[in-house]
Amino acid sequence: MNHRETRLQRIKHEIGPVSPLEDHATIDLEAVHDAQQFGKCLHKLRNLAGPLSNREIERRGKKNIGRTKIGQAVDGELPNRDFLEIFLHVCGISHPETQAWFSTWARLSTGSIDEKPAETPPNEFLRKYGGETNSGSEIRQQADAELFESRQRQEAVEERRDAAERRASDLAEQLERLHETSLKRAQEAEDEREKALERVVFLTRELERVQDADAKRIRQIEEDRDVALSRTQDMMSELDVMHAKIGELRGFLTNSTKELGRELGIELDKVYRELSRLGNQVAKIGEARGYSTRGPANDDTYDEWGHKRENLFEADDLRAPGPLIGPASWHSRRE
């Protein structure tokens, strides 16, 4: 199986199975002598199969044959063999029954050396050229004219075939260029994919490194935090101990101060009494010398004329101006 047959088999497999056409035997292919008649047979075939429009045949053929080409073939332009095979498959003609169509196509295109056109029967030949009514020269002229037309058709077919071959060659070159371009783009895409994979691997490793560094830093921070919390707890414990000691010292100082205040109060009371005694003695000495210590209101701080004595020692002047130590209640109690 060559490349063309393989491609046709792939196209038929892509199109899928088609319901076989039963009543196509009414199409007389033996009576076909030119492309125009062959196009009418194709038109009749698609009507029997549906009828099917050009668009529907194109859709069923998975766009392997175009609407424009279908219209040209139906209008009398002889299609190529691949087109004909796909067209017959879409219309439901089975493989054994396609041989008659291919034989007719080969006879019209004169491109097959295996298929020969059927010979014209003698009676048909006589009927066609007028039988005995026409002379030999007229028959020869008609035969030459038909031979010339046949050669012209053959040349036209060969020109179309050459054009088709050139077109196929151009398409093959374009396909080859597209294939090379596709391979190049595929290689570039593969290179880009490799670069992208390398970049992904690099970024993954970099991310893992950063995550490890962050995890290590977080562990260090947590350890520092635990140490700080531990030190804070120790300092709080020490502070509580210090507060307790300060409280003890404060109580001790308070008690000591109270005790010292009591002792000083006792001593001050003694000094006060002694000073009072001395003041009384001084007053008595002053009275003995003729100085009166009594004022107009029986106050010993004024003389007989009501003037305040300036040079007398008074008991109140010997008192402390304020508390030396301890609370003021001691002095208030003393007064």
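Numbering of residues starts from 1 in each chain and follows the order in which that chain's sequence is written. Confidence filtering applies because this is a predicted model: local features only for residues at pLDDT of at least 70, side-chain atom pairs given and counted only at 80 or more, and all residues used for totals across whole chains, interfaces and linings. Neither water nor hydrogens contribute to the side-chain values; these are computed over all heavy atoms in the structure.

Trainee: What's the story with helix α2 (residues 35-49) in this structure? I'm lost.
Mentor: A turn of α-helix holds 3.6 residues, and therefore any two residues three or four places apart point the same way. In this model α2 runs 21 Å from its N-terminal to its C-terminal C-alpha over 15 residues, within 8% of the 21 Å that 1.5 Å per residue would give. Those residues of α2 hidden inside the fold are in contact with α3 (54-60), α4 (67-74), α5 (81-90) and α6 (98-109). Elements are defined by DSSP. Helices are runs of H or I of four residues or more, strands are runs of E of two residues or more, and each kind is numbered from the N terminus. Any helix carries an expected span of 1.5 Å times its number of residues minus one. Residue contacts follow a heavy-atom distance rule, with two residues in contact if any of their heavy atoms lie within 4.5 Å.

Trainee: What is the right way to look at the pattern of salt bridges in this model?
Mentor: Pairing of side chains with opposite charge becomes possible as their charged atoms draw close. Here, a salt bridge means any Lys or Arg side-chain nitrogen found within 4 Å of an Asp or Glu carboxyl oxygen. All chains considered together, the criterion is met by twelve salt bridges. Across the pair Glu56 and Arg59 runs a salt bridge, and its minimum N-O distance is 2.5 Å. On the criterion of helical spacing, the pair formed by Glu56 and Arg59 is a turn pair, its members being three residues apart in helix α3. Relative accessibility thresholds used throughout: buried, under 20% of the residue-type maximum; exposed, over 50%; partly exposed, between the two (1.4 Å probe, protein chains only). Judged by its relative accessible area of 21%, Glu56 is partly exposed. Salt bridges here are not isolated pairs; linked through shared partners, they connect Glu56, Arg59 and Arg60.

Trainee: Please explain the packing of aromatic side chains as it appears in this structure.
Mentor: Each aromatic ring pair is summarised here by two numbers: the centre-to-centre distance and the angle between the ring planes. What counts as a ring pair is set by centres within 6.5 Å for rings of Phe, Tyr and Trp (its six-membered ring), and what kind of pair is set by the plane angle: stacked under 30 degrees, edge-to-face over 60, tilted for all other angles. Applying the stated rule across the entire model yields two aromatic pairs. With centroids separated by 5.9 Å and ring planes inclined at 70°, the aromatic side chains of Phe38 and Trp101 adopt a geometry described as edge-to-face. Linking Phe38 in helix α2 with Trp101 in helix α6, this pair joins segments that are 63 residues apart in sequence. Using a relative accessible area of 1% as the deciding quantity, one classes Phe38 as buried. For Arg81, the ring lying beneath its charged end belongs to Phe102, and the centroid distance is 4.0 Å. Lysine NZ or arginine CZ positioned within 6 Å of the ring centre and within 35 degrees of the ring normal marks a charge as sitting over the ring.

Trainee: What is the right way to read the environment of Trp101 from this model?
Mentor: For Trp101, a relative accessible area of 2% corresponds to the buried category. Between the C-alpha atom of Trp101 and that of Cys41, which follows or precedes it by 60 residues, the distance is 9.7 Å. Discounting chain neighbours no more than four positions away, the residues touching Trp101 are Ile27, Leu29, Phe38, Cys41, Leu42, Leu45, Leu84, Leu88 and Ile93.

Trainee: How should the side chain of Glu58 be read in this particular structure?
Mentor: Inspection of the secondary structure puts Glu58 in helix α3. By relative accessible area, Glu58 is classed as buried at 14%. For Glu58, the contacting residues outside a window of four places in its chain are Lys63, Ile65, Gly66, Arg67 and Ile70.

Trainee: In this structure, what is going on with helix α1 (residues 3-15)? I would like to understand it.
Mentor: The terminal C-alpha atoms of α1 lie 18 Å apart, and with 13 residues this matches the ideal 18 Å at 1.5 Å per residue to within 8%. Inspection of α1 places Leu8, Ile11, Lys12 and Ile15 among the buried residues, and these make up the whole buried set. Seen end-on, α1 carries its buried residues on one side only, within an arc spanning 100°. For α1, the exposed residues set more than 90 degrees away from the buried face come down to His3 and His13. Where α1 is buried, its residues meet α3 and α5. Trailing α1 by a residue or two, Gly16 shows a phi angle of about 90°, which is positive. To be clear, the arc concerns the directions from the helix axis to the C-beta atoms.

Trainee: Sorry if this is basic, but what is going on with a nonpolar patch on the surface here?
Mentor: On the surface, Met236, Leu239, Met242 and Ile246 cluster together to form a nonpolar patch covering roughly 370 Å² of accessible area. Mapped onto the elements of the fold, Met236 is located in helix α8 (residues 136-288). Nonpolar side chains (Val, Leu, Ile, Met, Phe, Trp, Tyr) are joined into patches within 5 Å and like charges within 9 Å, using only residues with over 30% relative accessible area and no salt bridge. Under the convention used here, a 1.4 Å probe and the Shrake-Rupley method define accessible areas, while residue burial counts only the protein chains that appear.

Trainee: Quick question: what am I supposed to make of the packing of α2 against α5 here?
Mentor: When two helices pack together, their arrangement is given by the angle between the helix axes and the distance between those axes. Every angle, taken between N-to-C directions, lies between 0 and 180 degrees, and every axis is a line fitted to C-alpha atoms, over only the stretch in contact when it is a helix. At a closest axis distance of 10 Å, the pairing of α2 and α5 adopts a crossing angle of 25°. When the axes of α2 and α5 are compared, the pair comes out roughly parallel. In this structure, α2 meets α5 at a crossing whose hand is left-handed. Residues Phe38, Leu42, Leu45 and Arg46 of α2 form the contact with α5, whose own contacting residues are Leu84, Phe87 and Leu88. Roughly parallel means an angle under 35 degrees; roughly antiparallel means over 145; roughly perpendicular covers 65 to 115; every other angle is labelled oblique. By convention, the crossing between two helices is left-handed when the near helix turns anticlockwise from the far helix through less than a right angle, and right-handed when the turn is clockwise.

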